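One letter stands for each residue in the lines below.
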Amino acid sequence: MSKVFCGLAVSVDGYITGRDPGAGRGLGDASMLFDWYFDGDTPSQVFDSFKLSAPSARVFDAAAGRVGAILAGRNTYEDSEHFGGGSPHPTAPLVVLSHRPVPGMSDRQTLVTTGIEDAVAAARRIAGGKDVGLMGGGVVTEALKAGLVDELILHQVPILLGGGRSFFQELPGHVRLRLVEAVPAPGVTHLHYEVER
Ligand SMILES: NC(=O)c1ccc[n+]([C@@H]2O[C@H](COP(=O)([O-])OP(=O)(O)OC[C@H]3O[C@@H](n4cnc5c(N)ncnc54)[C@H](OP(=O)(O)O)[C@@H]3O)[C@@H](O)[C@H]2O)c1
């Protein structure tokens, strides 16, 4: 069975954006969360424009290469200017989760409005045996609540942003994790966890 996981860039105080993210403003005042994509000499084998440090390239490409579909929350979709009608991933199509209609989606994008279980199921179908990558703190939290997340990868950037959108929102109880790998790299530490069931 394909896995459901997320790999998000996050500050040490747990934010995946800075203050005031949005369309045309990217991550708000936290663009440095993505600096490690471009601060090395090793080209990504998955994302053409990325040049990472060697340890980051290994971790990033291993995760990105597993993805057959992306499931993003409505906020991620809006704040990323609809991904230009495509997907944030070069080969994996995009599924968007919302409670309401999302005008202007392209025929290369799939909208699900009937909840996280249906959205993950749709993404799995599209992924065709590959894994599903989650994007957005709200979607990750909803998928955790539903017991649908297998792995979490935190690309932890050494900064305290002091505000922004949180990686994790409130959960009804504890979720135990098992550390699979911790990789220090220039400008970022990659923390790969499995969700214990
Ligand atoms: N640092 C990184 O690596 C990284 C990666 C990805 C995204 N981001 C950023 O993170 C921000 C977005 O994160 P976020 O936590 O604010 O939002 P999000 O998870 O992208 O989207 C949340 C929205 O998804 C919809 N949704 C969530 N659960 C649902 C459910 N069970 N059923 C139906 N719809 C559901 C709702 O949309 P409706 O309100 O329309 O119903 C909700 O408001 C963006 O600014 C994005 O750029 C950062």
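Look above for the structure.
Just so you know, these numbers come straight off a predicted model, no measurement behind them.

> It is not clear to me how the sheet that holds strand E7 (residues 131-135) should be interpreted in this structure. Could you clarify?
Taken in spatial order, the eight strands make up an open sheet running E6-E5-E4-E7-E1-E8-E10-E9, and their pairing is mixed. Each edge of the open sheet carries a strand with a single partner, namely strand E6 (109-112) and strand E9 (177-185). Going across the sheet, the axis of each strand differs from the next one's by a mean of 20°, ignoring polarity. The sheet contacts of helix H1 (residues 54-64) involve strand E1 (4-11), strand E4 (67-73), strand E8 (151-157), E9 and strand E10 (188-195), and relative to E9 the element is tilted by about 140°. Those strands touched by helix H3 (residues 116-127) are E1, E4, strand E5 (94-97), E6 and E7, and its axis lies near 155° from that of E4.

> Is there a simple way to explain the site of the ligand in this structure?
If you check the shell around the ligand, you find 26 residues, and the closest are Ala-9, Thr-76, Asp-79, Ser-98 and His-99. Contact distances for the ligand include 3.1 Å between a nitrogen atom and a side-chain N or O atom of Glu-142. Computed on the free molecule, the ligand has an accessible area of 930 Å², of which 90% lies beneath the protein chains in the complex. Here the ligand is seated within the largest pocket.

> Explain the packing of aromatic side chains here, please?
What describes a pair of aromatic rings is the distance from one ring centre to the other and the angle between the planes of the rings. Counting across every chain of the model gives eleven aromatic pairs. A ring pair is formed by Trp-36 and Tyr-37, whose centres lie 4.6 Å apart and whose planes are at 55°; its orientation type is tilted. Side by side, Trp-36 and Tyr-37 carry an identical accessibility label, which is buried. Ring geometry for Trp-36 and Phe-60: centres 6.1 Å apart, planes at 75°, overall edge-to-face. One end of the pair, Trp-36, is in the loop between E1 and strand E2 (42-43); the other, Phe-60, is in helix H1, and 24 residues separate them in sequence. Note on accessibility: Trp-36 and Phe-60 belong to one class, buried. Each residue in the set Phe-34, Trp-36, Tyr-37, Phe-38, Phe-47, Phe-50 and Phe-60 is aromatic and connected to the rest through ring pairs, giving one cluster. Cation over ring: Arg-66 sits above Phe-5, and NZ or CZ is 4.1 Å from the ring centre.

> Sorry, what's going on with H3 here?
An α-helix turns once every 3.6 residues. As a result, residues three or four positions apart point the same way. With twelve residues, H3 extends 16 Å from end C-alpha to end C-alpha; this agrees with the ideal 16 Å at 1.5 Å per step. Looking only at H3, the buried set comprises Ile-116, Ala-119, Val-120, Ala-122, Ala-123, Arg-124 and Ala-127. Those residues of H3 that are buried are in contact with E1, E4, E5, E6, E7 and helix H4 (137-145). Backbone geometry just after H3 places Gly-128 at a positive phi near 55°.

Thresholds, definitions, all that
- Residues numbered from 1 in each chain as written.
- Predicted model: local features only at pLDDT ≥ 70, side-chain atom pairs only at ≥ 80, totals over all residues.
- Heavy atoms only, no water.
- Pairing = 2+ DSSP bridges.
- Helix = DSSP H or I, 4+ residues; strand = E, 2+ residues; numbered from the N terminus.
- Axes fitted to C-alpha atoms, helices over the stretch in contact; angles between N-to-C directions.
- Contact = heavy atoms within 4.5 Å.
- Near = heavy atom within 4 Å.
- Polar contact = N/O pair within 3.5 Å; in protein donor to acceptor, adjacent residues only side chain to side chain.
- Areas by Shrake-Rupley, 256 points an atom, 1.4 Å probe, with all protein chains shown as cover.
- 1 Å grid on protein atoms, 1.4 Å probe; cavity = no way out; pocket = protein on both sides within 12 Å on 5 of 7 lines; lining within 4 Å.
- Sits in = over half its atoms within 2 Å of the grid points.
- Phe/Tyr/Trp six-rings, centres within 6.5 Å; stacked < 30°, edge-to-face > 60°.
- Buried < 20%, exposed > 50% of the residue type's maximum accessible area, 1.4 Å probe, protein only.
- Lys NZ or Arg CZ within 6 Å of the ring centre and 35° of its normal.
- Expected span 1.5 Å × (residues − 1).

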